[in-house]
Amino acid sequence: MAARLKDYASVVGTDVLQELEVLAEKVEGWSVQHINSTAVGGGVAEMLQRLNPLMKDLGIDSTWDQIEGNTRFFRVTKAIHNALHGSAVEITPGMFDDYRDHLRSQLDRMTIRGDTVFIHDPQPAGLIALKERCGGAWIWRCHIDISTPDRQVWDFLQPYVNNYDAAIFSMPDFSQELNIPQFLVPPSIDPLGDKNRELDPGVITGILEKHGIDPNRPIITQISRFDHLKDPLGVIRAYQLVRKRTDCQLVLAGGEADDDPEGPALLKEVQEKAAADPDIHVLLLPPFSDLEINALVRGSSVVVQKSIKEGFGLTVAEALWKRKPVIGGAVGGIRRQILHGVTGFLVRSVEGTAYRIRQILNDDALARQLGENGRVHVQNNFLLTRHLKDYILLMLALRHPGQDMIPV
Ligand code: UDP
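Residues numbered from 1 in each chain as written. Predicted model: local features only at pLDDT ≥ 70, side-chain atom pairs only at ≥ 80, totals over all residues. Heavy atoms only, no water.

> Would you mind showing me how to read empty space enclosed by the protein here?
Applying the stated criterion across every chain, the model contains two cavities of 30 Å³ or more. Among the elements that make up the lining of the largest cavity, the one with the highest residue count is helix α3 (residues 43-57) (three residues). Among the residues forming the lining of the largest cavity, the class breakdown is three nonpolar, two polar and four charged. Here the second largest cavity is characterised by a volume of approximately 40 Å³. Surrounding the second largest cavity, Q222, S224, R225, F226, P232, L252 and A253 form its lining. Taken together, the residues that form the lining of the second largest cavity break down as four nonpolar, two polar and one charged. (1 Å grid on protein atoms, 1.4 Å probe; cavity = no way out; pocket = protein on both sides within 12 Å on 5 of 7 lines; lining within 4 Å. Points joined across faces, edges and corners; volume = space filled by probe spheres on them. Helix = DSSP H or I, 4+ residues; strand = E, 2+ residues; numbered from the N terminus. Nonpolar A, V, L, I, M, F, W, Y, C, P; charged D, E, K, R; others polar.)

Here it is, written out as structure tokens:
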């Protein structure tokens, strides 16, 4: 059964919950609506699955809806996503028309129920046209790294964003020139969900063995959708360099997201590259494989998130919480989670990744220390109770525009 708010006292302490309750009284009965583009797959859906019910626990009338998409629309939004991340992507005027036309069809389909509407990411950003009809405070919650966006795409999106009441980013350097207030809210993980809760060693071993992974040999793991920006092929190359001198196995586990049409082709490429090596385990996981992912990470010696671009990278916080040393690409929100040499290592190349993996595999004391530090870092910064508090404070701030102090 899903954890209720009171259960979090065992992790964050009663003070944190009391503070949340005091704040929640100020917004009691308010309605909040979250809208994104997919109910499963990826970090946004992961967070909303938990934030939405816990907001309800706090007495907020919270709902979560998704826009409908089709292949054509998601082909455009994936291109927009990649371009905002700074990748070279060709987007034709016709593709922008596809976005506009599809969003227009959603305007009549969506029912807006919230006094505060959180629109997550670029896919549903065009729903802002409904603000005039429905009223309320509209917040564009951006989960991606838009610090160096493709100008053409940002010029297309920016007018939508400027019609919101506020924007939220995960890192200070993602903020943009906008004529609306901008807030910094890092993402979070749920320490009590199946993805992160403590597991018996027997469960971990059982799941590793079920997948043919040897629990007694070093295991390097990356959990990610099969997406070029997560660089699974780079992870394979780093593993191959490590394997020249150090025994180890590689686990690449990931699923598919409804709004990502590029996944299947990359998965095929990864499977081909892995086919000749029985120590590379490519696991295509169905949605809601939380316990499985939890066990794979807990059974690992080192966790990698070798992203080339990353909004935040929840997988990093998930691994740090489990006291795992993490090696991550020095990009986006990973830089906020991996404090280089303290909670893990930031890397910029395949060779660097291999070097740091070997260093950790050969130094148990270092691995333990990084893991302990990582746990504290997540406890202090990236748990879902902090996220709830930030959202409530933001809702209050928007109801009291221009006020330095809000009476609570
Ligand atoms: N995840 C999952 N199944 C998978 C791959 C990933 O449940 O097969 C989860 C992962 O544990 C994390 C989220 O999806 O909670 C991915 O979030 P992240 O911010 O790392 O990346 P995104 O996919 O949003 O780019």
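On we go from here.
> How do you make sense of the packing of helix α4 (residues 71-84) against helix α7 (residues 151-162) when you look at a structure like this?
The description of two helices packed together rests on the angle between their axes and the distance between the axes. One way to put it is that α4 packs onto α7 with a least axis distance of 9 Å and a crossing angle of 110°. Classified by the angle their axes make, α4 and α7 are roughly perpendicular. In the crossing of α4 with α7, the sense of the turn from one axis to the other is left-handed. Contact residues: I80, A83 and L84 in α4; V153, W154, F156 and L157 in α7. Residues of the contact of α4 with α7, tallied by class, amount to seven nonpolar, no polar and no charged. (Axes fitted to C-alpha atoms, helices over the stretch in contact; angles between N-to-C directions. Parallel < 35°, antiparallel > 145°, perpendicular 65-115°, else oblique. Left-handed = near helix turned anticlockwise from the far one by under 90°. Contact = heavy atoms within 4.5 Å.)

> Could you clarify how one ought to interpret the site of the ligand in this entry?
Near the ligand, the surroundings consist of 16 residues, among which G43, R225, K230, G255 and E318 are the closest. Here an oxygen atom of the ligand and a backbone polar atom of T315 are 3.3 Å apart. If the ligand stood free it would expose 540 Å²; the protein chains cover 87% of that surface. Among the residues making up the shell around the ligand, the classes are represented as three nonpolar, seven polar and six charged. (Near = heavy atom within 4 Å. Polar contact = N/O pair within 3.5 Å; in protein donor to acceptor, adjacent residues only side chain to side chain. Areas by Shrake-Rupley, 256 points an atom, 1.4 Å probe, with all protein chains shown as cover.)

> Any chance you could explain the environment of I236 here in plain terms?
Here I236 is to be found in helix α9 (residues 232-243). Along the backbone, I236 and K273 are 37 residues apart, and their C-alpha atoms lie at a distance of 8.0 Å. Not counting residues up to four positions away in its chain, the partners in contact with I236 are L250, L252, V270, K273 and I280.

> What is the right way to read the sheet that holds strand β2 (residues 61-66) from this model?
Either a parallel or an antiparallel arrangement is found when strands of a sheet pair, and the pairing is made through backbone hydrogen bonds. Reading across from one edge, β2-β1-β3-β4-β5-β6 is the order of the six strands in this open sheet, with parallel pairing throughout. The strands lining the two open edges of the sheet, one partner per strand, are β2 and β6 (182-184). Strand-to-strand, the axes of this sheet are offset by a mean angle of 20°, without reference to chain direction. Note: strand β1 (residues 31-36) against strand β3 (residues 116-120), four bridges, orientation parallel. Across the sheet, the residue bridging to Q33 is V117, located in β3. (Pairing = 2+ DSSP bridges.)

> What's the story with the packing of aromatic side chains in this structure? I'm lost.
Centre-to-centre distance and the angle between the planes together describe a pair of aromatic rings. Tallied over the full model, the rule gives 10 aromatic pairs. Note on F118 and Y391: the rings are 4.7 Å apart at their centroids and 35° apart in plane angle, and the pair reads as tilted. With F118 in strand β3 and Y391 in helix α16 (residues 384-399), this residue pair connects regions lying 273 residues apart in the sequence. The class for F118 is buried, based on a relative accessible area of 0%. On the numbers, 5.3 Å between centres and 65° between planes, the contact of F312 with F382 is edge-to-face. One end of the pair, F312, is in the loop between β10 (302-305) and α12 (314-321); the other, F382, is in the loop between α15 (364-381) and α16, and 70 residues separate them in sequence. Residue F312 is classed as buried on the basis of its relative accessible area, which comes to 4%. Among the aromatic residues, ring-to-ring pairing joins F73, F74, F96, Y99, F156 and Y160 into one connected group. (Phe/Tyr/Trp six-rings, centres within 6.5 Å; stacked < 30°, edge-to-face > 60°. Buried < 20%, exposed > 50% of the residue type's maximum accessible area, 1.4 Å probe, protein only.)

> Can you help me understand the pairing of β2 in this one?
Here is the key point about a regular strand: its side chains alternate between the two faces of the sheet. Summarising the sheet, β1 and β2 pair through six bridges and their orientation is parallel. If you follow S31 over to β2, its bridge partner there is D61.

> Please explain the layout of surface pockets as it appears in this structure.
A water-sized probe rolled over the atoms picks out the places where empty space is left. The volume enclosed by the second largest pocket comes to roughly 310 Å³. Only α14 (350-361) and α15 provide two or more residues apiece to the lining of the second largest pocket. In terms of residues, the lining of the second largest pocket owes the most to one element, α15, which gives three residues. Each residue belonging to the lining of the second largest pocket can be placed in one class, and the counts come to five nonpolar, three polar and six charged.

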